[in-house]
Amino acid sequence: IRIVRLVRSIKMHHRLNQAVEGVKSEGLRTTLNILQLALCILVFNHFFACGWYFVGPWYDSEQNWVVNSLGNTPMYYQYATSLHWSLTQFTP
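Note on numbering: residues in each chain are counted from 1, in written sequence order. Predicted model: local features are reported for residues with pLDDT of at least 70 only, side-chain atom pairs are reported and counted for 80 or more only, and whole-chain, interface and lining totals are derived from all residues. Hydrogen atoms and water are omitted, and side-chain values are computed over all heavy atoms in the structure.

A.B. asks: What should I look at first to understand the pattern of salt bridges in this one?
C.D. replies: Pairing between side chains of opposite charge can happen when the charged atoms of each approach one another. Salt bridges are identified by distance alone: a Lys or Arg side-chain nitrogen within 4 Å of an Asp or Glu carboxyl oxygen. By the definition in use, this model includes one salt bridge. Here Glu26 ties to Arg29 by a salt bridge, and the two come within 3.1 Å at their closest N and O atoms. Within this pair, Glu26 and its partner Arg29 are both found in helix H2 (residues 26–55), separated by three residues, close to a single helical turn. Partly exposed describes any residue whose relative accessible area lies between the buried limit of under 20% and the exposed limit of over 50%, with all areas from a 1.4 Å probe on protein chains only and scaled to the type maximum. A relative accessible area of 51% places Glu26 in the exposed class. Strands are runs of DSSP state E lasting at least 2 residues, helices are runs of H or I lasting at least 4, and numbering of each runs from the N terminus.

Structural data, given as structure tokens:
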């Protein structure tokens, strides 16, 4: 099922590129390209954040970054912290 999602995202990327090429205004085309790149960076950072959070509690010990830094915080805060780390590490 993940492969189907990947194929769908590739098709969506292709359709977005076609839509951007159809825009006649150079300023709007540039804005759309910047938004597309920002979305791409955000999606990649989402995957890095999920991977970083997954690796944190991998071991059963109490010496991991999730337990030490986040404790009993809500799940959205843990995700936001992982996304923040990812954005600071992998954003140009």
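Structure's up, so let's keep going.
A.B. asks: I keep staring at the packing of H2 against helix H4 (residues 75–90) and nothing clicks. Help me out?
C.D. replies: Any two packed helices are characterised by the angle at which their axes cross and by the distance between the axes. Simply put, an axis is a line fit to the C-alpha atoms, just over the touching stretch for a helix, and the angle between two N-to-C directions goes from 0 to 180 degrees. Across the interface, H2 lies against H4 with an axial gap of 8 Å and an inter-helix angle of 120 degrees. Relative to H4, the element H2 lies oblique. Of the two possible hands of crossing, H2 and H4 adopt the one that is right-handed. Of H4, the residues touching H2 (which contributes Asn45, His46, Phe48, Ala49, Cys50, Trp52 and Tyr53) are Met75, Gln78, Tyr79, Ser82, Leu83, Trp85, Ser86, Leu87 and Phe90. For the contact of H2 with H4, the residue count by class is eleven nonpolar, five polar and no charged. Roughly parallel covers angles under 35 degrees, roughly antiparallel covers those over 145, roughly perpendicular covers 65 to 115, and oblique covers all other angles. By definition, any crossing whose near helix is turned counterclockwise from its far helix by less than a right angle is left-handed, and any crossing with a clockwise turn is right-handed. Residues count as neighbours in contact if any of their non-hydrogen atoms are within 4.5 Å of one another. Note on residue classes: Ala, Val, Leu, Ile, Met, Phe, Trp, Tyr, Cys and Pro are nonpolar, Asp, Glu, Lys and Arg are charged, and everything else, Gly too, is polar.

A.B. asks: Got a minute to help me understand H4 in this structure?
C.D. replies: Side chains that are three or four residues apart share a direction in an α-helix, a result of its 3.6 residues per turn. One fewer than the residue count of a helix, multiplied by 1.5 Å, yields its expected span. With 16 residues, H4 extends 22 Å from end C-alpha to end C-alpha; this agrees with the ideal 22 Å at 1.5 Å per step. What H4 keeps buried is the set Gln78, Ser82, Leu83 and Ser86. Looking down the long axis of H4, one finds its buried residues gathered within 135 degrees of arc, a one-sided arrangement. Those residues of H4 that are exposed and aimed more than 90 degrees away from the buried face are Tyr76 and His84. Directions from the helix axis toward the C-beta atoms define the arc.

A.B. asks: Before we go on, may I ask you to explain the side chain of Gln78 in this structure?
C.D. replies: Here Gln78 is to be found in helix H4. In this structure Gln78 comes out as buried when scored by relative accessible area, which is 7%.

A.B. asks: Any chance you could explain the packing of aromatic side chains here in plain terms?
C.D. replies: Within a pair of aromatic rings, the relevant descriptors are the distance that separates the centres and the angle that separates the planes. For Phe, Tyr and Trp, where Trp contributes only its six-membered ring, two rings pair if their centres lie within 6.5 Å, and the inter-plane angle classes them as stacked under 30 degrees, edge-to-face over 60, or tilted in between. Applying the stated rule across the entire model yields one aromatic pair. On the numbers, 4.1 Å between centres and 10 degrees between planes, the contact of Trp52 with Trp85 is stacked. Here Trp52 is found in helix H2, whereas its partner Trp85 is found in helix H4, with 33 residues between them in sequence. Take Trp52: its relative accessible area is 29%, and that puts it in the partly exposed class.

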